[in-house]
Amino acid sequence: MLDKSQSVHEHPRPMSELAKAYEPQAVEEKWYAAWLAADCFHADESSEKEAYSIVIPPPNVTGILHLGHVLNNAIQDILARRARQEGKEVLWLPGTDHAGIATQAKVERELREKEGKTRRDLGRDAFLERVWDFKNTHGDIIIKQLKRLGCSCDWSRERFTMDPQYTRWVSQVFVDLFNEGLIYRGKRMVNWCPVSLTALSDEEVIMKPSRSKLFTMKYELADHPGEFIEISTTRPETLMADVAIAVHPKHPKYAKWIGKMVKRPFPEALIPIIGDEAVDLEFGTGALKITPAHDKVDFEIGLKHGLDIVDTLHPDGRINCPACPDLDGLDRFVARRKAAAKLEEMGLLIGVEEYENNVGYSERADVPIEPRISMQWFLRYPKIKESTDAVASGEIRFRPERWAKTYAHWMENLQDWCISRQLWWGHQIPVWYRKDKFDSLKNAESLETKDAAAGDIYVGVEPPAQGDWIRDEDVMDTWFSSWLWPFATMSDVGENSATLKKFYPTTDLVTGPDIIFFWVARMIMAGYRFAGGLPFKNVYFTSIIRDLKGRKMSKSLGNSPDPIDLMDKFGADGLRFGLMRIAPVGADVRFDESSVEEGRNFANKLYNACRFRQMDGNEFAPLPSVHGLPVYHVLVMSKLDQLANDLVGIYAEYRFGEIAQRLYEFLWNDFCDKWLEAVKADLRESATAEARAAALGTFDAVMSRYLQLLHPYMPHVTEELSERMNYVSAGEFLMKKSLPDKPLLAGLPAAELEAAQKQAAAIYETAGRLRNLKAEYNLGSRKDVRFVMKGSVDWLSNELNVLALLAGSAEILADDAYEAPKGTPAAVTPVGEAYMPMEGLIDVGAERTRISKEIEKMELEVKKSEGKLGNASFVDRAPPEVVVQEKQRLEDWKTKLTQLGEMLAALK
RNA sequence: GCGCGCUUAGCUCAGUGGUAGAGCACAUCCUUCACACGGAUGGGGUCGCAGGUUCGAACCCUGCAGCGCGCACCA
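Residues numbered from 1 in each chain as written. Chains lettered and ligands numbered in written order. Predicted model: local features only at pLDDT ≥ 70, side-chain atom pairs only at ≥ 80, totals over all residues. Heavy atoms only, no water.

Engineer: Would you mind going over the overall build of chain A with me for this structure?
Structural biologist: From N to C terminus, chain A includes 28 helices and 30 strands. Taking 908 residues into account, the globule formula puts the C-alpha radius of gyration at 29 Å, and chain A, at 38 Å, lies well above it. Summarising its shape, the C-alpha atoms of chain A cover approximately 120 × 80 × 55 Å along the three principal directions. The buried share of chain A, taken over its 908 residues, is 52%. (Helix = DSSP H or I, 4+ residues; strand = E, 2+ residues; numbered from the N terminus. Rg over C-alpha atoms; globule rule 2.2 N^0.38 Å. Buried < 20%, exposed > 50% of the residue type's maximum accessible area, 1.4 Å probe, protein only.)

Written out as structure tokens, the structure reads:
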């Protein structure tokens, strides 16, 4: 047995030593290490070059890479690498976010599961030590994953939102805003998470449609026994906190009772009926129980009417009502059923109906939040006008632009931001209370600038130097540190650092539209207030990645593929390219692993094209002149020039998917399918040295530039191939090379260019027609087919060999005197009439028999699928589109048989 | 209720007024000396529906329907 792979002598040229299929893993690791070793990602703040900068949206320090991160960071890497190629000094500043609630919850869970302890068992300091340990052990997982993806961040500038200098910034900003009167403390209705035991901002509450029950009950009038007022509620468990009943002043039945008292059943009390326009006449009974402590609207009504506030819930959501021992201490949802049952026993429950309403859930803990009055710190946003105008005027440009409307709408309806959190992990509020006044200050209705002036409280970055003080226990919302990210990462407080000077404001921000309010809007306001201007010039909002069913990726659904697995399977380049190619501008993307597979296949195609070139060695072949080259070479070079030129415009519009698509099409269609096939004759041993030099020179000229254009999308494989093909000198990196300033065909006269493009395109098209002809007669794979060209264009004779090669044909003759036998298959082509003489190609008789048999089989199939056969059951019937397809194929075969008949007649 | 977006081939999506496209999937052929992670050929779409503008509409306008998202309200 002769194994082909061992018989090297069979090959005219030595086979490349490269493996047949591209294996990305080792290559990617090698190049990432090489880039780091050569400090390729470092941004030089003293550079003369134009600055380009991006700050990374800092992932949660304990987070794990998901596909959203991949898309987001691939785009940033593409922008950064492209900017370097454009000769800019690039800073891509990385870092992580301490993610208050998420991180603390993780550590608390671990503590509970492993040691059965709560954070209070440990105490604040010991607990924080645990969180820091956790951060130090797990914090670099996501950083390593970003490196695996190929991200060209300046790791020497990596930041963490709880770095000492960053923390100083957060405190300083708090102090400044406090002194300005924009930060104050007050007792307000806030969103309370009964699981995380902290207040939340409005943005951290997610409204979910929920199936609830609407209870209708009745309260008896105090001085009209036997007369009742009916009200509807979804929350009977808050009945104990009712302090009034409100009706619309125009209520047909109840309006007359305004001012009278009703009996609250438990704990028994008399509460007034009040009139308020806020009550909807149409809803329920048109009467509303007022529970100021546990409902936002009720709280407002309570304020207006001077009602008491009765709080009957513990912070963890259990009932706090010793006057009702049977409910006291119960969970709010258990108490709900119990309270309803109690009402029923008392004969006060009139009805229960199924009801769908929206319930606010805690974003992190995923439980219904509880509106709760508590003492919190709030911020009145600064620089609202400047920030609104900046986006409206296009000074900060949003892409897609429609998000600007969402932003404007939010900016017009700003509510004060609740910035305090009852957590331990985070930036502690930099406020100290005088110890001797602590108890009164703790419960003071409000605290603001004047209280500091009075010396009762101290607000400062450093702790008070002397005296007895107690520090506020709360920490700040994580986003209160995130909003400083673009400048706090580049400088320390009050310091105009060289990095800040060079790279602020940043050029592009790449993030998801889901954090426009959380982050983007607030960064703009902070930028104007604390860094002297806008924080970035462009914001690119990425797609949200969904599964094929259109669902969001989530851990609980298990529909979120692990990007590391995908990179193991397909390579980081494959993942990046595959994802980029399907991610549309401004719409969600439905992710499917097959797109990553295509990315991997594309890398392989590229690799093999280079492998083919390497059969002729890997010494760089210079292109002596662009004049007088074969037309195919001119066409492929002009296509590359066109591509390079078009990409400039598409990059300017941030249409990343289109860039990937264009890169894909050039390599696969123009370069491999057409040019590389056309050029094979020039690389044979029989070819002239001149032809070979031109082909190799064209290959290297085109491929070296193409690799550069592709590099931002597939950094590893392009760097690898550039080295192997000697497109960069030893020790140089493709990633550091500037884009060429002139097109390949810069010196070629337009007339010569156009003529070559036309001729080459005509040959490719003709080759396609000839292949059609072959395939029609089932000769697609035959190499011994010959063609005759009649009435051909004058330049065709020089191109017949290439045409024959492309058509997979043994020989093509140009013969204007050719008389085709009747029935000879023919086609009209851009270069003349083409004939395919059939003599000797097929045994017409045998072929005819074969086709007849096929037709019989096909007819049977068609009948079966139409359900026309006697024994065909209903289930055998094919769907209509299949029937149509099969009928079409039947017709094709019949046509072929007729043609064969003609041919047979002609040959006799 | 207000606002935004989407609806094109079996699937995922391009397509800004002039002959309907790509990849995948499917069918047939080919393991030919870059690549089967490949090559060749082919089948498949009244462009969500109804009107309007236009010589001409997937594209512009109006209305409707379905799906999705955001905001507000929800006793």
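From this point, the narrative continues.
Engineer: Help me understand the packing of helix H11 (residues 403-412) against helix H17 (residues 516-530), please; the structure alone is not making it clear to me.
Structural biologist: Between two packed helices, the angle of one axis relative to the other and the distance separating the axes together describe the packing. Look at H11 against H17: their axes get within 11 Å of each other, and the N-to-C directions meet at 75°. Between H11 and H17, the angle is such that the two are roughly perpendicular. Contact with H11, carried on its side by Trp403, Thr406, Tyr407, Trp410 and Met411, involves Ile516, Phe517, Ala521, Arg522, Ile524 and Met525 of H17 and no other residues of that element. Classifying every residue of the contact of H11 with H17 by side-chain character gives nine nonpolar, one polar and one charged. (Axes fitted to C-alpha atoms, helices over the stretch in contact; angles between N-to-C directions. Parallel < 35°, antiparallel > 145°, perpendicular 65-115°, else oblique. Contact = heavy atoms within 4.5 Å. Nonpolar A, V, L, I, M, F, W, Y, C, P; charged D, E, K, R; others polar.)

Engineer: Teacher, can you tell me more about the protein's contact with RNA strand B here?
Structural biologist: Looking at RNA strand B, there are 52 residues lining it, with Ser232, Asp280, Asn358, Arg611 and Trp668 nearest. In the environment of RNA strand B, a sugar or linking oxygen lies 2.5 Å from a nitrogen or oxygen atom belonging to the side chain of Arg611. Ranked by the residues each element gives to the surface near RNA strand B, the list is headed by helix H20 (residues 593-614), at nine residues. Class assignment for the residues of the surface near RNA strand B results in 19 nonpolar, 14 polar and 19 charged. (Near = heavy atom within 4 Å. Polar contact = N/O pair within 3.5 Å; in protein donor to acceptor, adjacent residues only side chain to side chain.)

Engineer: Looking at this structure, I do not really get the pairing of strand E23 (residues 506-511). What am I missing?
Structural biologist: Working note: regular strand, side chains alternate between the two faces of the sheet. With six of its six residues buried, E23 lies for the most part within the structure. Relative to strand E24 (residues 536-541), E23 runs parallel, the two being bridged by five bridges. Bridge assignment links Thr511 to a residue of E24, and that residue is Phe541. Between the parallel pair E23 and E24, the chain is carried across by H17, and the sense of this crossover is right-handed. (Pairing = 2+ DSSP bridges. Right-handed = clockwise from strand over helix to strand, strands pointing away.)

Engineer: Is there a simple way to think about the pattern of salt bridges in this case?
Structural biologist: This model, assessed by the stated rule, comprises 50 salt bridges. Two residues, Asp276 and Lys304, come together in a salt bridge whose shortest N-O distance is 3.1 Å. Linking Asp276 in the loop between strand E11 (269-275) and strand E12 (287-290) with Lys304 in helix H8 (residues 296-305), this pair joins segments that are 28 residues apart in sequence. Overall, Lys304 belongs to the exposed group, its relative accessible area being 61%. Connected through shared salt-bridge partners, Arg235, Glu237, Arg332, Arg336 and Glu370 make up one network. (Salt bridge = Lys/Arg side-chain N within 4 Å of Asp/Glu carboxyl O.)

Engineer: What should I look at first to understand unusual backbone geometry in this one?
Structural biologist: Trans is the prevailing form of peptide bonds, just as negative phi is the prevailing case for residues other than glycine. In this model, Phe266 is joined to Pro267 through a cis peptide bond whose omega is -20°. Within the secondary structure layout, Pro267 lies in the loop between strand E10 (261-264) and E11. At Leu197, a position not held by glycine, the phi torsion is positive, near 55°. Mapped onto the elements, Leu197 comes out in the loop between strand E5 (183-193) and strand E6 (198-200). We classify Leu197 as partly exposed; its relative accessible area is 30%.

Engineer: I'm lost on the side chain of Arg576 in this one. Help?
Structural biologist: Tracing the backbone through its elements, the reader meets Arg576 in helix H19 (residues 572-582). Polar side-chain contacts of Arg576 include one of 2.8 Å to the side chain of Asp77.

Engineer: Whenever I open this one, the sheet that holds E23 confuses me. Can you help?
Structural biologist: Pairing between the strands of a sheet comes from backbone hydrogen bonds, and it takes one of two forms, parallel or antiparallel. With respect to topology, three strands assemble into an open sheet ordered E15-E24-E23, the strand pairing being parallel. What marks the edges here is a single partner per strand, and that holds for strand E15 (397-399) and E23. Going from strand to strand, the sheet's axes swing by 15° on average, the running direction of each strand aside. Relative to E24, E15 runs parallel, the two sharing three bridges. Following the sheet pairing, Phe398 is matched in E24 by Val539.

Engineer: Would you take a moment to explain the nonpolar core for this structure?
Structural biologist: Counting residues in hydrophobic clusters, the biggest one holds 200 residues, and the most contacted among them are Phe174, Phe480, Phe671, Met703, Tyr706 and Tyr713. Counting residues per element, this core draws most heavily on helix H22 (residues 656-678), which supplies 12 residues. Every residue in contact with Phe671, bar those within four places of it in the chain, is listed here: Ala609, Val636, Phe666, Leu676, Phe699, Val702 and Met703. (Core = buried A, V, L, I, M, F, W, Y, C linked by side-chain atoms within 4.5 Å.)

Engineer: What is the right way to read the packing of aromatic side chains from this model?
Structural biologist: Two numbers describe a pair of aromatic rings. These are the distance of the centres and the angle of the planes. The full count for this structure, using the stated rule, is 47 aromatic pairs. Ring centres 5.5 Å apart and planes at 55° place the aromatic pair Tyr32 and Phe41 in the tilted group. Residue Tyr32 is classed as buried on the basis of its relative accessible area of 6%. Relative to Trp483, the ring of Phe480 has its centre 5.3 Å away and its plane inclined at 45°; by these criteria the two rings are tilted. Both residues of the pair, Phe480 and Trp483, belong to the buried class. Here the aromatic cluster, defined as three or more aromatic residues joined through ring pairs, consists of Phe174, Phe178, Trp377, Tyr381, Trp410, Trp417, Phe480, Trp483 and Phe517. It is Arg81 that lies over the ring of Trp35; its NZ or CZ is 4.5 Å from the centre. Directly above the ring of Trp155 sits Lys147, whose terminal nitrogen or CZ lies 4.9 Å from the centroid. (Phe/Tyr/Trp six-rings, centres within 6.5 Å; stacked < 30°, edge-to-face > 60°. Lys NZ or Arg CZ within 6 Å of the ring centre and 35° of its normal.)

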